[in-house]
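Residue strings, one per chain:
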Amino acid sequence: MPIDEQLIAAIAREMHGRTDIDEATLTETAARVATLLAKVRLAHEQRLRSVAPAFSFDPGAPTYQTAPQQGAALWAGMAGSAGGSGYGGTAGTTGVTAGDLPAATPPAQTAQGPDFLWWSATDLAAAIRSKQLSPVAVTQAFLDRIAAVSPSLNAFSEVMAEEALAQARAAEAATGPTGPLHGVPVAVKDLIDIAGHRTTAGSRVLAENMAHQDATVTARLRAAGAIIIGKTATHEFAFGSTSDSPFHGPVRNPWDRAKIPAGSSGGSGAAVAAGLVPIAIGTDTGGSIRMPATHCGVVGLKPTYGRVSKAGVIPLSWSLDHIGPLAVSVRDAALVLQAIAGADPLDPAALQVPVADYAAHATPGDLRGVRIGLPTAWLETPIDQEVRRCFNEAVARLKDLGAEIVDVELPAVDVMTFINRLITFGEAGAFHAPLLKERAAEYAPDVRLRLELAQYVSARDYLLGQRLRAELVRQVSQVMATVDALVTPVVPIPPAGIGQPMWDYGDGNREPVVEAMVRFCAPFSVTGQPAFSLPAGFTAEGLPVGVQLVGKPFAEAALIRIAAAFETNDGRRNRRPSL
């Protein structure tokens, strides 16, 4: 479309509310915009794909520990306003409908395998170090279970069987000191580069995108002794919360294969829950580690923003993306974080903050002297009755462990979620603009609609989101100064059906599934705080429910201590899906 006075007038009127611009100004502005766009389009955006913008967010910076300059007055008008975040559209469609799906194939009868398939990574590593187990035998057993079970779940986008066995043989032959994950099979989400393998991001658009070197997180896992066993399926470009995908098909929840495992790290969550791997790495922009953890009944940890390098990981939103583990136990998550955390010259957002001995903090104990904040206003938003029951039981458990539960007032949850979406739209829209121009028809319908919408987020609106973010972070930091952690639900609804667009709360409230999913998670990607999703019970239908614990920036050690106390002696950890 040519840039002319009529177009500039329409933009001024519809987007900026301006009706008083004279003809001379319109003519001059149109000419200057045309010149500006012509020049900026000469930059090769495709080659910029792996380059992050030249700014980064440090949630631990002293500036964010000061009092808000304006506070709630800045966003008071946004709270409770209609319209959602634009993420779910009007119906929440994902592009995959239940009627189009083939029946889930039952896994082979030999799928159960040896007991160690259900051990924690910590116990596996100890058994391998003591020669009780062989890395080759362990790897082969997991590969056998993947072959038997994964086709019924669609959890993996690629299984690297020969390469994994070669790594296992090398681990078995190794002499001298070994890493903390020596011989333990690990999977990584298909946004993360593994040298010599495709990184498709769950999309036809990148179906042939070959990685030529390991992502930093992959390299650090290898250095810790992990066996990289394969790549887990993701919602396309991580821009969805269900893991439905026309490219590789939907990922199925191990607890009920007609249900979603959540997303976008749904393959990672399903793989850990089904005993296909003890550890899987996910990414989290608005909850994509924590949502699959809760829906699949496993542990998920989103570290502080800047704690783990994103180099070699396809971005959704440069200033909101986090990398972290989904695991069998809190101690496993701590062990993985210790291996992958730390500054990285390849990622300017990976900060120079000391890395603690996280695993040492994952020890049983009580919570006497610990203050945990309960954002009561958030709990007045729609929440499924079964989720609310499990959440109330989790809060009671924290009290029984000695924690003091105190009511706190956070910024409105819908405002924080909206700012997450606004920033994501701005950054994802910029990243995908050249790909959309050439290959828009190859995107999944739901992801394409979000990215098309993102093209209309102006620089002004995007920067407004980042400026509001700064004030939101300051306000939350004032609350965090009075408590050691926060507790919230992870997701307000149980796992929905594959292709299910709407959730009916049974009290007159209905909501697009994909909007509901991100409500309690997205705010803490905005603030960059570390957050756990921990198993907290089951619905009457036997579907997992989780609880979210949120800590102070870069205080993962303290948060791990609280999470480890919560999970100790919880018999629900031994409950397994029927596969």
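Below: a short report on this structure. (Residues numbered from 1 in each chain as written. Predicted model: local features only at pLDDT ≥ 70, side-chain atom pairs only at ≥ 80, totals over all residues. Heavy atoms only, no water.)

### Quick word on the overall build of the protein chain
Selection rule: Per the convention used, a helix needs a DSSP run of H or I reaching at least four residues, while a strand needs a run of E reaching at least two, with both numbered from the N terminus. Put simply, the radius of gyration uses C-alpha atoms, and a globule should come to 2.2 Å times the residue count raised to 0.38. Using a 1.4 Å probe on the protein chains alone, a residue whose accessible area is under 20% of its type maximum counts as buried, one over 50% counts as exposed, and one in between counts as partly exposed.
A count of helices and strands for the protein chain gives 17 helices and 13 strands. The C-alpha radius of gyration computed for the protein chain amounts to 23 Å, which stays within 12% of the reference 25 Å derived for 579 residues, consistent with globular compactness. The principal-axis extent of the C-alpha atoms belonging to the protein chain is close to 80 × 50 × 50 Å. Looking at the 579 residues of the protein chain, the share that counts as buried comes to 58%.

### A closer look at the sheet that holds strand β8 (residues 404-408)
The test is simple: The pairing criterion is simple: DSSP has to find at least two bridges between the two strands. For every element, the axis is a line fit to its C-alpha atoms; helices are fit only across the contacting stretch, and the angle between N-to-C directions ranges from 0 to 180 degrees.
Taken in spatial order, the 11 strands of this open sheet run β1-β3-β2-β4-β6-β5-β12-β13-β9-β7-β8, and their pairing is mixed. Looking at the sheet topology across the chains shown, the edges are occupied by β1 (156-159) and β8. The average undirected angle you get between the axes of adjacent strands in this sheet is 30 degrees. Pairing analysis gives three bridges linking β1 to strand β3 (residues 227-232), with the strands arranged antiparallel. Considered in β3, the bridge of F156 is made with T232.

### A word on the packing of aromatic side chains
This is how the line gets drawn: The aromatic pairing rule takes the rings of Phe, Tyr and Trp, using the six-membered ring of Trp, and pairs them if the centres are within 6.5 Å, calling planes under 30 degrees apart stacked, those over 60 edge-to-face and the rest tilted. Cation placement over rings: the criterion is NZ of Lys or CZ of Arg within 6 Å of the ring centroid and within 35° of the ring normal.
As enumerated under the stated definition, the model contains nine aromatic pairs in all. Sitting over the face of the ring of F566, R397 holds its NZ or CZ atom 5.5 Å from the ring centroid. The positively charged end of R519 is found above the aromatic ring belonging to F520, 5.5 Å away from the centroid.

### Topic: the nonpolar core
Nonpolar side chains tend to gather and get buried jointly when the protein is soluble and globular. How we decide: In this description, a nonpolar core means a group of buried Ala, Val, Leu, Ile, Met, Phe, Trp, Tyr and Cys residues linked to one another through side-chain atoms lying within 4.5 Å. In what follows, a contact means two residues having at least one pair of non-hydrogen atoms within 4.5 Å.
Core analysis: the biggest nonpolar cluster contains 172 residues, and L221, I281 and F532 have the highest contact counts within it. Ranked by the residues each element gives to this core, the list is headed by helix α12 (residues 413-439), at 10 residues. Other than its neighbours up to four places away in sequence, F532 contacts V299, G300, L301, V330, A333, V547, Q548, L549, L559, I560 and A563. In terms of nonpolar packing, the next biggest core, distinct from the first, is built from seven residues, F57, Y64, Y305 and V473 among them.

### Observations concerning empty space enclosed by the protein
We apply this condition: Cavities and pockets are defined on a 1 Å grid built over the protein atoms alone: a cavity is a set of grid points where a 1.4 Å probe fits but cannot escape, while a pocket is an open set with protein on both sides within 12 Å along at least five of seven lines, and lining residues are those with an atom within 4 Å of any such point. Grid points are joined across faces, edges and corners, and a volume is the space filled by probe spheres set on the points. Classification used: nonpolar for Ala, Val, Leu, Ile, Met, Phe, Trp, Tyr, Cys and Pro, charged for Asp, Glu, Lys and Arg, polar for all others including Gly.
In total, this model carries four cavities of 30 Å³ or more according to the counting rule given. Estimated volume of the largest cavity: approximately 60 Å³. Each residue belonging to the lining of the largest cavity can be placed in one class, and the counts come to six nonpolar, five polar and one charged. Forming the boundary of the second largest cavity are T294, H295, V387, V490, V491, I493, P494, P495, P544, V545 and G546. Looking at the lining of the second largest cavity, the elements with two or more residues in it are α8 (290-296) and β13 (544-550). Here the element with the most residues in the lining of the second largest cavity is β13; it accounts for three residues. Per-class residue counts for the lining of the second largest cavity are eight nonpolar, three polar and no charged.

### Thoughts on the environment of Q140
Take Q140: it is sitting in helix α4 (residues 135-153). Taking the C-alpha atoms as reference, Q140 lies 37 Å from S317; in sequence the two are 177 residues apart.

### Regarding the environment of H295
With respect to the helices, strands and loops of the structure, H295 is situated in helix α8. Separated by 22 residues in sequence, H295 and A273 place their C-alpha atoms 9.6 Å apart. Leaving out residues up to four positions away in the same chain, H295 has contacts with N253, W255, I260, P261, A262, V491, I493, P494, P495, A496, M517 and P544.

### Regarding the layout of surface pockets
In this model, the largest pocket occupies a volume close to 2200 Å³. Taken together, 46 residues make up the lining of the largest pocket; nearest its centre are L37, V40, R41, Q455 and V457. Elements with a minimum of two residues in the lining of the largest pocket: α1 (5-14), α2 (23-40), α12 and α14 (459-480). Here the element with the most residues in the lining of the largest pocket is α12; it accounts for 10 residues. Grouping the amino acids of the lining of the largest pocket by side-chain chemistry returns 29 nonpolar, nine polar and eight charged.

### A few points about unusual backbone geometry
Look at the link from G263 to S264: it is a cis peptide, with omega at 5 degrees. Within the secondary structure, S264 sits in the loop between β3 and α7 (266-273). The phi dihedral of F237 falls on the positive side, at around 55 degrees, and the residue is not glycine. Counting through the fold element by element, F237 comes out in the loop between β3 and α7. In the Ramachandran plot, S243 falls in the positive-phi region, its phi being about 65 degrees despite a non-glycine side chain. As for its placement among the helices and strands, S243 is situated in the loop between β3 and α7.

### Things to note about the pairing of β8
In plain terms, the rule: Think of it like this: strands point away, you trace from the first strand over the helix to the second, and a clockwise trace means the crossover is right-handed.
Sheet topology note: the strand β7 (residues 371-375)/β8 ladder contains five bridges and is parallel. If you follow P375 over to β8, its bridge partner there is V408. For the segment spanning β7, helix α11 (residues 385-400) and β8, crossover handedness is right-handed.

### Looking at the packing of α11 against helix α17 (residues 556-567)
The condition that has to hold: Orientation is classified from the angle alone, with under 35 degrees giving roughly parallel, over 145 giving roughly antiparallel, 65 to 115 giving roughly perpendicular, and any other angle giving oblique.
As a packed pair, α11 and α17 sit with axes 10 Å apart at the nearest point and diverge in direction by 105 degrees. The pairing of α11 with α17 is recorded here as roughly perpendicular in orientation. The segment α11 lies against α17, with A394, R397 and L398 engaging A565, F566 and E567. Each residue belonging to the contact of α11 with α17 can be placed in one class, and the counts come to four nonpolar, no polar and two charged.

### What about the pattern of salt bridges?
Should the charged atoms of two oppositely charged side chains come close, the side chains can pair. This is how the line gets drawn: The salt bridge criterion pairs a side-chain nitrogen of Lys or Arg with a carboxyl oxygen of Asp or Glu, the two atoms within 4 Å.
The full count for this structure, using the stated rule, is 17 salt bridges. Salt-bridge contacts for R222 lead to D214; the nearest nitrogen and oxygen are separated by 2.7 Å. Ionic pairing is found between R371 and E404, a salt bridge with its closest N-O pair at 3.2 Å. Placement of R371 in strand β7 and of E404 in strand β8 is noted, with a sequence separation of 33 residues between them. A cluster of three or more residues bridged by salt bridges with shared partners is formed by E386, R389 and E393.

### Quick word on α4
Test applied: Helix span is expected to be 1.5 Å times the residue number reduced by one. The bend at a residue is defined as the angle formed between two axes, one fitted to the seven residues ending at that residue and one fitted to the seven starting there. Pairs of N or O atoms are called polar contacts if they sit within 3.5 Å, as long as, within protein, a hydrogen donor faces a hydrogen acceptor (for residues adjacent in sequence, only side-chain-to-side-chain pairs).
If you check α4, its first and last C-alpha atoms are 25 Å apart, about what 19 residues at 1.5 Å a residue would give, namely 27 Å. A147 marks the point of greatest bend in α4, at about 40 degrees, and the proline P151 comes within the next four residues. A distance of 3.1 Å separates the backbone nitrogen of V136 from a side-chain oxygen at the start of α4, and that oxygen is part of S134. One or two positions beyond α4, positive phi appears at N154, with a value near 60 degrees.

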